[in-house]
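Given next are the chains, with one letter for each unit.
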Amino acid sequence: MNPLDSLFKDVLEIPVADFVQRYPDPVLVLEARGAFGRADSFQTVRASGERPAFAEAVLGSERPTLLPVRKRARSKFGNMISVGRTASNDVVVEHASVSKFHAYFLSRGENAWHVQDANSSNGTFVDGKRVPTDVPVPVDDGAAVQFSQDTRYRFFRPAALHRFLNDTLSRDNRPDAS
């Protein structure tokens, strides 16, 4: 079974605690222009380079695109999780407006995550506010994270991802009330 299919199946079938154990990494959910949370508002992109397991497949437009926020085995960026458009980054975002090395995530304890801009050309934004290059900014579940003005993701830790996807997938699988 495709790893993404397994993840979506698990969202609907296993308890949150088991999901968090199986999928321990935070995730960026690609948000297309339009209303967030509606299945038809997502677009599909392909992550490149050495891709994390459940970003390997490209999904149809009925499901969100997920990019795990985690270190690659041979990452050269120390304790930070790098984001950029080249394959040497831990999280690859293929878009012309994203710098080669654009930003990075830092884990600060059990469930505290921060993002910091890496002096990118087009900036990094959290909930519409530009992230400075000298100060890491906290990132909460559901926060809008942009790498330039042209890419927009929502950040979720595993338990919040389970709730979000469960709500989204359950809504998409319900019969029409017409």
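Residues numbered from 1 in each chain as written. Predicted model: local features only at pLDDT ≥ 70, side-chain atom pairs only at ≥ 80, totals over all residues. Heavy atoms only, no water.

### A look at the overall build of the chain
Filter applied, for reference: Only DSSP runs of H or I reaching four residues or more are called helices, and only runs of E reaching two or more are called strands; each is numbered from the N terminus. Three exposure classes are used, based on accessible area relative to the maximum for each residue type with a 1.4 Å probe and protein chains only: buried under 20%, partly exposed in between, and exposed over 50%. Computed by Shrake-Rupley with a 1.4 Å probe, the accessible areas treat only the displayed protein chains as cover when residues are assessed.
A count of helical and extended segments in the chain gives three helices and eleven strands. Along its sequence from the N terminus, the chain presents helices and strands in the succession α-α-β-β-β-β-β-β-β-β-β-β-β-α. The buried share of the chain, taken over its 178 residues, is 48%. Only carbon and sulfur atoms are counted for the fraction: they give 47% of the accessible area of the chain, which is about 8,800 Å².

### Points about the sheet that holds strand β7 (residues 124–126)
For clarity, the threshold we go by: Strand pairing requires that DSSP identify at least two bridges connecting the strands.
Spatial ordering of the open sheet is given by β2-β1-β11-β10-β7-β8, a layout of six strands whose pairing is antiparallel. Every other strand in the sheet has two partners, leaving β2 (66–68) and β8 (129–130) as the edge strands with one partner each. Summarising the sheet, strand β1 (residues 27–30) and strand β11 (residues 153–156) pair through four bridges and their orientation is antiparallel. In the strand pairing of β11, L30 is matched with Y153.

### Examining the pattern of salt bridges
Applied cut-off: Salt bridges are defined by distance alone: a side-chain nitrogen of Lys or Arg within 4 Å of a carboxyl oxygen of Asp or Glu.
Tallying each qualifying case throughout the model produces six salt bridges. The residue D10 makes a salt bridge to R22 at a minimum N-O spacing of 2.8 Å. Placement of the pair is D10 in helix α1 (residues 3–13) and R22 in helix α2 (residues 16–22), with a sequence separation of twelve residues. The buried category is assigned to D10, whose relative accessible area is 9%. Accessibility expressed as a relative area gives 48% for R22, which makes it partly exposed. Members of the salt-bridge network, linked through shared partners, are K71, R72 and D90.

### Some points on the packing of aromatic side chains
Heads up, the condition is: Note on aromatic pairs: the rings of Phe, Tyr and Trp (six-membered ring only in Trp) are paired at centre separations within 6.5 Å, and the planes decide the class, stacked below 30 degrees, edge-to-face beyond 60, tilted for the rest.
A complete count under the given rule lists seven aromatic pairs for this structure. With a centroid separation of 6.2 Å and an interplanar angle of 15°, the aromatic rings of F101 and Y104 are classed as stacked. Using a relative accessible area of 28% as the deciding quantity, one classes F101 as partly exposed. For Y104, a relative accessible area of 14% translates into the label buried. Between the aromatic rings of W113 and F155, the centroid separation amounts to 6.4 Å while the plane-to-plane angle is 55°, which identifies the pairing as tilted. Taken as a pair, W113 in strand β6 (residues 113–117) and F155 in strand β11 lie far apart in primary sequence, 42 residues in all. Exposure remark for F155: the relative accessible area of 0% places this residue in the buried category. Taken together through their ring pairs, the aromatic side chains of F105, W113, F147, Y153 and F155 make up a single cluster.

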